[in-house]
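# Analysis of the macromolecular model
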Amino acid sequence: MSRERSTPRRDGLAGWLRGWRPAVSMASRNLRRNRVRTVLAVLGVCIGVLAVAALGIFGNVLALGADDAIGDIGTQVVVSPNADAGVESLSNADVAAIRRAVGEPAVVPLYSDSATVARQGDQTFATVYGIEEPALAYEAAEGRLPERHRQGAILGAGIAEDLDAGAGDTVRIAGAQVRVVAVLVESQTFSPVAPDDAVFLPESAFSADGYAQVLVISDSGEEARIAADAIREEVNAREDRVDLFELAALVDEINEFFGLLSTFLLGLGAISLVVAGVSILNVMLMSTVERRQEIGVMRAVGVTRRDVLRVLLAEAGLIGAVGAAAGTLLTVLLVAGLVVGAEEVDAALALDPTNGYYLLLALVFGVGVGIVSGAYPAWKAANERPVEALRS
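Within any chain, residue numbers begin from 1 and follow the written order of that chain's sequence. Only residues with pLDDT of 70 or above have their local features reported here, since the model is predicted, and side-chain atom pairs are shown and tallied only from 80 upward, although totals for entire chains, interfaces and linings are computed over all residues. The basis for every side-chain value is the complete set of non-hydrogen atoms in the structure, without hydrogens or water.

Per an unreviewed UniProt entry, the recorded name for the protein is ABC transporter permease, and the organism is Halorubrum ejinorense. Database annotation for the protein, UniProt heading Subcellular location (unreviewed entry): "Cell membrane". UniProt positions are given in the numbering used here, feature names are shortened, and annotations may be inferred rather than shown by experiment.

Dropping the structure here:
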């Protein structure tokens, strides 16, 4: 029983394929009969697919570039005392509560002050932070960051450049001579704590009653968001003692902007494909009008409506498929040309696998536009009465 039932299914699929094979062959012959019109229709689809794919890839490369430039800023949360609530500094109890709330992420409390920093006649004004574990939050470009900061000064990249100072040199901070133990890597982020224009001293150099800020350093933006929510629930449970500066929220807004930009660019490209679809619709309508007698003869000698529909849909599908394939190929060549010829274009971003989504989207969209545009003319021709078609 199962063998008898499976045979018709295989025959049905084979019959369906056999029905489309002559239709595609006849459609190809019909399109070659008017080459100029066919080439113009294919060119319209090609340009539309090129616009969709190229603009989509362009928007995606911009988003990837921005994400790469932003770096890891979304992994940091800056906790400050809430001045509106009368909190002027963060106590040891506040820091302990923050540590309990966040769990795994590193918690780095900071004292804060300001002072002049001078070396060999050059001087600048800088923010001076007191920090105990600098290696948890920063990396050294020169020298070595101590696990426990007990003596010496750590200079931000900007201060070191202004004073032409490096590890091992001596600088004068608020009139006191201090040896530089390390220079930090240039920061790629922006926040209330700006390490490039700052000097980091041991906590023992400060006599303040409380901390000015607390840095929470996470491994990912999602972990930073969870940590920020936990701090609000734990530390601000009874009163809003702290303000939070979430860099992850800024990253989300930037990513949302580039997502909207990509959608807008895709919309612009889609307009070109819609125009190409109208062109295919016009070509197919003109073709069916010109071949009205031919279609009438076909119907009169026994060709079914389904076969006529297949032929005309195959014509529209071939126009869409050839145009979409050509547009996709041109997009690949365009991107490759930009990578080779323009130094400003980052090859890693241009060749990112996610760009393949836009190539596939444009290809499918181009073929779909061809089939949809040919559906009405095909239906109209297939359902016309043979007698009326022959009478014309």
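## Digging into the UniProt feature "transmembrane region" (unreviewed entry) in the protein
The UniProt entry lists residues 38-58, 257-287, 308-336 and 356-376 under the feature "transmembrane region" (unreviewed entry), expressed in the numbering used here. Comment: elements are numbered from the N terminus, with helices defined as DSSP H or I runs of at least four residues and strands as E runs of at least two. Helix makes up 100% of residues 38-58 and strand 0%, with an end-to-end C-alpha separation of 30 Å. Structurally, residues 257-287 is divided into 100% helix and 0% strand, and its ends, taken at the C-alpha atoms, are 45 Å apart.

## So, the pattern of salt bridges
The salt bridge criterion pairs a side-chain nitrogen of Lys or Arg with a carboxyl oxygen of Asp or Glu, the two atoms within 4 Å. Going through the model one piece at a time under the given rule, you end up with seven salt bridges. Linking R119 and D169 is a salt bridge whose minimum nitrogen-to-oxygen distance equals 3.6 Å. Of this pair, R119 sits in strand β2 (residues 106-119) while D169 sits in the loop between α4 (157-163) and β6 (170-173); the two residues are 50 residues apart in sequence, bridging distant segments of the chain. Remark: exposure states derive from per-residue accessible area (1.4 Å probe, protein chains only) relative to the maximum for the residue type, with buried under 20%, exposed over 50%, and partly exposed in between. Since its relative accessible area comes to 13%, R119 is described here as buried. Residues participating in the shared-partner salt-bridge network are D94, E239 and R241.

## A closer look at the packing of aromatic side chains
Here a pair means two rings of Phe, Tyr or Trp (six-membered ring of Trp) with centres within 6.5 Å. Their orientation is stacked below 30 degrees between planes, edge-to-face above 60, and tilted elsewhere. This model, assessed by the stated rule, comprises six aromatic pairs. Note on Y138 and F200: the rings are 5.1 Å apart at their centroids and 50° apart in plane angle, and the pair reads as tilted. Of this pair, Y138 sits in the loop between β3 (122-130) and β4 (140-143) while F200 is found in strand β8 (residues 198-201), placing the two residues 62 residues apart along the sequence. Of the residues examined, Y138 reaches a relative accessible area of 12% and is grouped as buried. What makes F200 buried here is its relative accessible area of 1%. Aromatic ring contacts, followed pair by pair, group Y111, F206 and Y211 into a single cluster.

## Considering the pairing of β2
With 10 of 14 residues buried, β2 is to be regarded as a mostly interior element. Looking at chain direction, β2 and strand β9 (residues 213-217) are connected through five bridges and run antiparallel. For L110, the partnering residue across the bridge sits in β9 and is Q213. A pair of strands is labelled paired if DSSP reports no fewer than 2 bridges between them. Where β2 lies against β3, nine bridges are found, and the strand directions are antiparallel. The residue of β3 that forms the bridge with A118 is Q123. Connecting the antiparallel pair β2 and β3 is a turn made up of two residues, with Q120 showing a positive phi of about 50°. Both β2 and β6 contribute to a ladder of two bridges, which runs antiparallel. Across the sheet, the residue bridging to V117 is I173, located in β6.

## Here's the deal with the packing of helix α8 (residues 305-341) against helix α10 (residues 355-382)
Relative to each other, α8 and α10 sit at 155°, their axes nearing to 7 Å. Of the possible angle classes, the one that applies to α8 and α10 is roughly antiparallel. Once α8 is placed against α10, the crossing between them reads as right-handed. Here an axis means a line fitted to C-alpha atoms, over the contact stretch when the element is a helix, while the angle between two N-to-C directions is reported on a 0 to 180 degree scale. Comment on the angle field: the value is read as roughly parallel under 35 degrees, roughly antiparallel over 145, roughly perpendicular from 65 to 115, and oblique elsewhere. The hand of a helix crossing depends on one turn: near helix anticlockwise from the far one by less than a right angle means left-handed, and clockwise means right-handed.

## A look at the environment of A378
Note that A378 resides in helix α10. A C-alpha to C-alpha distance of 60 Å links A378 and Q76, two positions 302 residues apart in sequence. The residues contacting A378, other than those within four sequence positions of it, are L309, L312 and L313. Working rule for contacts: check all heavy atoms of both residues, and any pair within 4.5 Å makes them a contact.

## Notes on the confidence of the model for the protein
Summing up the model confidence of the protein, the mean pLDDT is 81 and the portion of residues at 70 or higher is 90%. Per-residue confidence from the predictor is reported as pLDDT, which spans 0 to 100. Across residues 1-10, where pLDDT falls below 50, the model places zero contacts with residues more than four positions away in sequence or in other chains.

## Re the pairing of β8
Alternating positions in β8 separate into two faces, A198 and F200 on one and V199 and L201 on the other, with burial throughout. Of the pairings in the sheet, the one linking β3 to β8 comprises four bridges and is parallel in character. Looking at the pairing, Y129 lines up with F200 of β8. Note that strand β5 (residues 153-155) and β8 share two bridges and pair antiparallel. Note that in β8 the partner of L155 across the bridge is V199.

## Description of the nonpolar core
Here the nonpolar core consists of buried residues drawn from Ala, Val, Leu, Ile, Met, Phe, Trp, Tyr and Cys, with membership extended through side-chain atoms lying within 4.5 Å. Counting 38 residues, the largest nonpolar core has V79, I98, I173, V199 and I231 as the members making the most contacts within it. Examining the composition of this core, we find that six residues originate from one element, helix α5 (residues 221-235), more than from any other. When sequence neighbours within four positions are dropped, the list of residues in contact with I98 reads V79, V107, V214, V216, I231 and V235. Listed in part, the 30 residues of the second largest apolar core include V42, I280, L359 and A382.

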